[in-house]
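In case you want the letters, here they are:
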Amino acid sequence: MVTGMETNTYSKEEEEEEKNADVHLLHEMGYLQELYRGFSPLMSFTFCFTAVNVLSSISVGFNFTLNTGGSAVAVYSWLIGSIFTMFVGLSLAEICSIYPSAGSVYHWAGQLVSPQRAPLASFICGWFNFIGNFAGDVALASGFAKLINSALIISNKPSLSNETQVAIGIGILFLWCLQNALRVDQNGWLNNIAALVQVASSIIVILVLYTASGQRATVHDVFTSTYNETGFPFIYVCCISLLSTLFSFSGYEGGAHMAEETRGASVAAPRGIVATCLCSAIVGAIYLLALLFAIPNVETFMKRYGEKSDTMNLAVIVYQTVVPGYGALVLTILLIMNLYVGGMASVTVTSRIGFAMARDGVFPFSSYLRWIYQGTKTPLGSILFVFVIDSSLLLMQLVSASLFTNFIAIGTIGLQVSYLLPIVFRCTSARKTFPLGEFNIGRFSLPVAIISSIWLTITSIFMFFPIHYPITTDNMNYSIVVFISVSILAGNYWLISARHWFVGPPRAEHNTPLIPLGEMSSGNKFIKESLSDKIFQ
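In this text the structure is predicted, and so the values were computed from the model without any measurement.

Participant: Please clarify how the environment of Ser-150 should be interpreted in this entry.
Facilitator: If you trace the backbone, Ser-150 turns up in helix 7 (residues 118–154). Sequence separation between Ser-150 and Thr-311 is 161 residues, and the spatial gap between their C-alpha atoms is 7.1 Å. In this view, Ser-150 contacts Thr-311, Met-312, Asn-313 and Val-316; residues no more than four positions away in its chain are not counted.

What follows is the structure in structure tokens.
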């Protein structure tokens, strides 16, 4: 008979064995275990699911959704986007199973090309991912402030000024960063609770929208009616409408960034990615349809409320038309709670990619940015760095309040390109050498990766397209300006300095020495040895 004590002991022994295996795998990739490995497989999934948070991300982008195609385009964009996002998620999950590191796509890009090309590949991929993540943080913080403003308006309070909304955005960013200073297992339990809150609030909001609406759109209207406020032809609108769908899915690779803090990471992290894509697609479809069915006629709705979209979120206006007064306020508060936990998880992801890049010396002053507070084993230097960058971008809204859509576009493009690079490398340079990990899709691996690469390439180009015609300085899509500017800065940094000393993340197959605690990989003995090695000649 097995006693409770024996079961407990076995469980602890199993956990210790799993932990040792994770540490050993991290050692093979050239790193020591610096971060606290306190995430369980369940925490990995709930973290990913919370980071995506389709309830809040669909709501934040709902103004764009209705103006850019209306009901039918929104439905089919979600359906198509969900299918291809599953393909991309499967491709990323396979790579994550082999290389479960905090650097995620940045680390993978350096592993999937030849040693000579690894530094540049990881440098480019890391910068795109970092840009995408911090722009996503800014979009969520700005969206949070807009929802607070919407809640005040439906409570018959005056609208907040642009300056006040920027201040709220910076304040909530500070709270997210403060919460991220906690030890990861404490955040993990908060994410578990947040996931339950998200599921419960989603059920409440969806049920209310489906049952309390006095007038509803017909099935025919939802699946066939369109609305175009962009000034562009319909086929063009179908292309750019994907932005809101892809933004809503952004962050599903979040579990990969937490891999160094997850137990059984080579299985738990990839499963979390795939499960998040699937669950988000289903929950998002149900919620999106609930919103659209609650609008009897999109054109009439937009003529009546379209002018208010500058100060109010259109999803909140839908709540108000379904359950006026306090009912709409309660639903909006549930939405704000969801956005809060989603933003907190987004900052976690950004700080981890920032830490991974600083650990390898990608940024100037990386030795400060990779600082880990030993009391909680959290990358506090990176968290502070993220707060400064995000706050600076939020302050740009003082110059132009219409930058919100640009933040969504920049965040989506950055993540799309950073997902694209390792998958393309897996299809090309690593096609014959890529090993199958504990999580894999067998013979479908390469075809799925090719489909994912094509999808990411095409949609990334769409994200640069203008959104309104005629194009003015107020409605221009500035994402291309931002990306060209950052590319010039990063490119010059690479040509002038980084290419002479940056060798990318350590390569697992070279049996490299471990990177000592508190040192950067690009500034220690390992780098000097690597630079003199033939493989880097």
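Participant: I tried to follow unusual backbone geometry on my own but got confused; where do I start?
Facilitator: Comment: phi is negative for the bulk of residues other than glycine, and the bulk of peptide bonds are trans. At the junction of Tyr-469 and Pro-470, the peptide bond is cis and its omega measures out at 0° in the coordinates. Residue placement: Pro-470 occurs in the loop between helix 21 (445–462) and helix 22 (479–496). With phi around 65°, Asn-156 is a residue other than glycine that occupies positive phi space. Note that Asn-156 resides in the loop between helix 7 and helix 8 (162–180).

Participant: Mind showing me how you'd approach the confidence of the model for the protein chain here?
Facilitator: Where the model shows low pLDDT, its predicted coordinates should not be examined in detail. Here the protein chain averages 83 in pLDDT, and 88% of its residues register 70 or above. When the criterion is pLDDT under 50, residues 1–10 qualifies, and its contacts beyond four places in sequence or with other chains add up to two contacts.

Participant: Whenever I open this one, the pattern of salt bridges confuses me. Can you help?
Facilitator: A side chain of one charge can pair with a side chain of the opposite charge if their charged atoms are brought near each other. A complete count under the given rule lists one salt bridge for this structure. Of the charged contacts in the structure, one is a salt bridge between Glu-299 and Lys-303, with a shortest N-O distance of 3.5 Å. Separated by four residues within a single helix, Glu-299 and Lys-303 lie in helix 15 (residues 298–305), roughly one turn from each other. Its relative accessible area of 42% is what places Glu-299 among the partly exposed residues.

Participant: I would appreciate a short explanation of the environment of Arg-263 in the present structure.
Facilitator: Among the structural elements, Arg-263 can be located in the loop between helix 13 (254–257) and helix 14 (265–293). Residue Arg-263 is classed as buried on the basis of its relative accessible area, which comes to 18%. Between the C-alpha atom of Arg-263 and that of Ser-44, which follows or precedes it by 219 residues, the distance is 9.1 Å.

What counts as what
- Residues numbered from 1 in each chain as written.
- Predicted model: local features only at pLDDT ≥ 70, side-chain atom pairs only at ≥ 80, totals over all residues.
- Heavy atoms only, no water.
- Helix = DSSP H or I, 4+ residues; strand = E, 2+ residues; numbered from the N terminus.
- Contact = heavy atoms within 4.5 Å.
- pLDDT = per-residue confidence, 0-100.
- Salt bridge = Lys/Arg side-chain N within 4 Å of Asp/Glu carboxyl O.
- Buried < 20%, exposed > 50% of the residue type's maximum accessible area, 1.4 Å probe, protein only.

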